[in-house]
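Observations on chain architecture
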Amino acid sequence: TAPDGVQEVTLQTQDDYVFTPSTFTVAPGEVRLTVVNVAEQMTHNFRFTPGDGPAPIDPEIPLLTPGETRTLEFTVTTPGEYGFECSFHTQLQQYGTMTVSG
């Protein structure tokens, strides 16, 4: 948790089509999610999988080039599991899960 009370999570994505970590848990409230593309070649994106969660989370990162870092801020209120993905590479199973605790 940051000094301003926002929960902070950092994910990395790389050339091997995975998010690290691929799962994480937050409490209901504000979340600041940073995605770092440490890949040398691959371009990725980040979004919460549409229709895969108890409530929609709209903010997304449409394009993340090698070496680029972007941050999303959003609020979660409904406990449950929310899938996320790189929509460019779902066929290569580049996805994960955020759990909002109850």
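Residues numbered from 1 in each chain as written. Predicted model: local features only at pLDDT ≥ 70, side-chain atom pairs only at ≥ 80, totals over all residues. Heavy atoms only, no water.

**A short note on the sheet that holds strand S2 (residues 19-20)**
The four strands are arranged S2-S1-S4-S7 in an open sheet whose pairing can be described as mixed. The sheet is open, and its two borders are formed by S2 and strand S7 (69-76), each paired with just one other strand. Two elements, strand S4 (residues 29-37) and S7, share eight bridges in a ladder whose sense is antiparallel. Paired with Arg32 across the bridge in S7 is Glu73. (Pairing = 2+ DSSP bridges. Helix = DSSP H or I, 4+ residues; strand = E, 2+ residues; numbered from the N terminus.)

**Side note on the nonpolar core**
In terms of nonpolar packing, the biggest core is built from 21 residues, with Leu33, Phe46, Phe48, Phe74 and Met98 touching the most fellow members. Mapped by element, the contributors of at least two residues to this core are strand S1 (7-13), strand S3 (23-26), S4, strand S5 (44-48), strand S6 (61-64), S7, strand S8 (80-85) and strand S9 (95-100). Excluding its chain neighbours within four sequence positions, the residues that come into contact with Phe46 are Leu11, Phe19, Leu33, Val35, Glu60, Ile61, Leu72, Phe84 and Glu85. (Core = buried A, V, L, I, M, F, W, Y, C linked by side-chain atoms within 4.5 Å. Buried < 20%, exposed > 50% of the residue type's maximum accessible area, 1.4 Å probe, protein only. Contact = heavy atoms within 4.5 Å.)

**As for the layout of surface pockets**
Empty space among the atoms becomes apparent when a probe as large as a water molecule is rolled across them. The volume enclosed by the largest pocket comes to roughly 190 Å³. Residue lining of the largest pocket: 15 residues in total, with Phe48, Thr49, Pro50, Pro56 and Ile57 positioned closest to the centre. Residues belonging to the lining of the largest pocket are distributed by class as follows: seven nonpolar, four polar and four charged. (1 Å grid on protein atoms, 1.4 Å probe; cavity = no way out; pocket = protein on both sides within 12 Å on 5 of 7 lines; lining within 4 Å. Points joined across faces, edges and corners; volume = space filled by probe spheres on them. Nonpolar A, V, L, I, M, F, W, Y, C, P; charged D, E, K, R; others polar.)

**Quick word on the pattern of salt bridges**
Taken as a whole and assessed by the stated rule, the structure comprises five salt bridges. The salt bridge partner of Glu73 is Arg32, with a shortest N-O separation of 3.0 Å. A residue pair is termed long-range when its members are at least 10 positions apart, and Glu73 in strand S7 and Arg32 in strand S4 qualify at 41 residues. Judged by its relative accessible area of 47%, Glu73 is partly exposed. Using a relative accessible area of 15% as the deciding quantity, one classes Arg32 as buried. Glu68 is paired through a salt bridge with Arg70; the nearest N and O atoms lie 2.9 Å apart. For Arg70, a relative accessible area of 35% puts it in the partly exposed group. Each member of the salt-bridge network shares a partner with another, and the members are Asp4, Glu8, Arg32 and Glu73. (Salt bridge = Lys/Arg side-chain N within 4 Å of Asp/Glu carboxyl O.)

**Quick word on the sheet that holds S8**
Paired through backbone hydrogen bonds, the strands of a sheet run either parallel or antiparallel to each other. Here we have five strands laid out as an open sheet, ordered S3-S9-S8-S5-S6, and mixed in their pairing. One side of each edge strand has no neighbouring strand; the edge strands of this open sheet are S3 and S6. Strand-to-strand twist in this sheet, taken as the mean axis angle between neighbours without regard to direction, amounts to 20°. In this structure, S5 lies alongside S6, joined through two bridges in antiparallel fashion. Within S6, the position partnered with His44 by the bridge is Leu64. (Axes fitted to C-alpha atoms, helices over the stretch in contact; angles between N-to-C directions.)

**Some words on the confidence of the model for the protein**
Here the protein shows a mean pLDDT of 95. Residues at 70 or above account for 100%. Per-element confidence in the protein is highest for S3, whose mean pLDDT is 98, and lowest for S6, whose mean pLDDT is 95. (pLDDT = per-residue confidence, 0-100.)

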